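Commentary on secondary and tertiary structure
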Amino acid sequence: MRFLSLVIAVIATATVARAADELPIFDAHMHYSHDAWSVVPPHEVVEILKKAGIKRAMVSSSNNEGTKMLQDVAPGMIVPELRPYRSRGEISTWAKDPTLIPYLEDLLSKRKYRAIGEFHIYGADADLPNVRRVVELAKQYGLYLHSHSDADAVTRHFQQDPAAKVLWAHSGFERPEKVREMLRRYPTLWCDLAFLTAHVSNGKVAPGWRELFIEFPDRFVLGSDTFTPERWHYVIENARWSRQWLSDLPPDVARKIAYENGDRLFGGGQ
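Attention here is on the structure that accompanies the text. Please read all numbers here as calculations on a predicted model, not as lab measurements. (Residues numbered from 1 in each chain as written. Predicted model: local features only at pLDDT ≥ 70, side-chain atom pairs only at ≥ 80, totals over all residues. Heavy atoms only, no water.)

Broken down by element type, the protein chain carries 10 helices and 10 strands. For 270 residues, the compact-globule estimate of 2.2 N^0.38 gives 18 Å, and the C-alpha radius of gyration of the protein chain, at 19 Å, lies within 12% of that figure. Put simply, the protein chain has 270 residues, and 54% of those count as buried. The contacts in the protein chain between residues at least 6 apart in sequence include a share of 72% that link residues at least 24 apart. (Helix = DSSP H or I, 4+ residues; strand = E, 2+ residues; numbered from the N terminus. Rg over C-alpha atoms; globule rule 2.2 N^0.38 Å. Buried < 20%, exposed > 50% of the residue type's maximum accessible area, 1.4 Å probe, protein only. Contact = heavy atoms within 4.5 Å.)

In the structure shown here, the tally under the stated rule is 12 aromatic pairs. Note on Trp-209 and Phe-213: the rings are 5.8 Å apart at their centroids and 40 degrees apart in plane angle, and the pair reads as tilted. Remark: Phe-213 and Trp-209 occur in helix 8 (residues 209-215); sequence separation between them is 4 residues, near one turn of the helix. Here the two residues Trp-209 and Phe-213 agree in accessibility, since each one is buried. Relative to Phe-220, the ring of Phe-213 lies with its centre 4.9 Å away and its plane at 85 degrees, an arrangement referred to as edge-to-face. On the basis of relative accessible area, Phe-213 is assigned to the buried category, the value being 0%. Residue classification places Phe-220 among the buried residues on the basis of a relative accessible area of 0%. One aromatic cluster in this structure is built from Trp-209, Phe-213, Phe-220, Trp-241 and Trp-245. (Phe/Tyr/Trp six-rings, centres within 6.5 Å; stacked < 30°, edge-to-face > 60°.)

Another point: the nonpolar core. Counting 87 residues, the largest nonpolar core has Phe-213, Phe-220, Trp-232, Trp-245, Ile-257 and Phe-266 as the members making the most contacts within it. Those residues in contact with Trp-245, other than ones at most four positions away along the chain, are Leu-193, His-199, Val-200, Gly-203, Val-205, Phe-213, Leu-222 and Ile-257. (Core = buried A, V, L, I, M, F, W, Y, C linked by side-chain atoms within 4.5 Å.)

A surface patch of nonpolar side chains, amounting to about 290 Å² of accessible area, comprises Phe-173, Phe-195 and Phe-227. Looking at the element boundaries, Phe-227 is found in the loop between strand 10 (220-221) and helix 9 (235-246). The exposure class of Phe-227 is partly exposed, given its relative accessible area of 33%. (Patch = residues over 30% accessible without salt bridge, like charges linked within 9 Å, V, L, I, M, F, W, Y side chains within 5 Å. Areas by Shrake-Rupley, 256 points an atom, 1.4 Å probe, with all protein chains shown as cover. Salt bridge = Lys/Arg side-chain N within 4 Å of Asp/Glu carboxyl O.)

With that settled, the discussion passes to the environment of Leu-107. The topology assignment puts Leu-107 in helix 4 (residues 100-110). Looking at Leu-107, the relative accessible area reads 10%, which means it is buried. In this structure the C-alpha to C-alpha distance between Leu-107 and Leu-82, which are 25 residues apart in sequence, comes to 8.2 Å. Here Leu-107 is in contact with Asn-64, Leu-82 and Tyr-113, once residues within four sequence places are set aside.

In the structure shown here, the tally under the stated rule is 24 salt bridges. For the salt bridge of Lys-55 with Asp-263, the shortest nitrogen-to-oxygen distance reads 2.9 Å. Here Asp-263 lies in helix 10 (residues 251-266) and Lys-55 lies in strand 2 (residues 54-60), a separation of 208 residues in the sequence. It is possible to trace a salt-bridge network through shared partners that takes in Asp-127, Arg-132, Asp-152 and Arg-156.

A regular strand places its side chains so that they alternate between the two faces of the sheet. Across the 5 residues of strand 3 (residues 78-82), 5 count as buried, placing the element largely inside the fold. Every second residue of strand 3 is oriented toward a common face, with Ile-78, Pro-80 and Leu-82 on one face and Val-79 and Glu-81 on the other, all of them buried. Between the parallel elements strand 2 and strand 3, the chain passes through helix 3 (residues 65-73) in a crossover that is right-handed. (Right-handed = clockwise from strand over helix to strand, strands pointing away.)

Encoded structure:
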């Protein structure tokens, strides 16, 4: 009887491990900018996503032609996100660039997107006219704001539009206590986990974060953040690592963070 129990336990463990390995992923934070196009061509990007088990990815690019290139190759896999940058150097200038808003308005009139971002903004700069207009455009077109920002800037987004839908990039690089405070305050705030490691300790979900994920299982998504061409070669390993720590959560919570939340929030790739 003891031997039979041991066999059952081993089979159950193997089944759970196999299910975790096969867990599909919605990657909600990817970039395919101009400096990556020749290093990792579009067809190679799609192969990387398939090998990583990423069923769908929300992609932005500087300039936005990179996203379109990937859509042309894999329209059902790529969820388009409109980035306010035409080149990498505009990260620090976009909020005060007088040519930016006409550029965004033109693209929004021609193509469909699910979000505006990822854009970088901090503190009181979130009240600059360009950023206010971006919040208005997101409301007009029903888009998410993918904001790489501090808690102050996120608060200002919601002051401008209390019904704004905000995806907080990198969870603001905040401690779980602050993330919990923000999620409780703003019901239409979600967080991505791109480029974070603090939520994992020795392959397991770290204390504080575990309680946060269980309290808010519908409010987190994954991301690999391919902000440089070299990061594309890390995507498969990041997906494997993500499945490892997700297997430490209840299966229903793991599925939500892995792909169900992304599917529900950002929909298909068309």
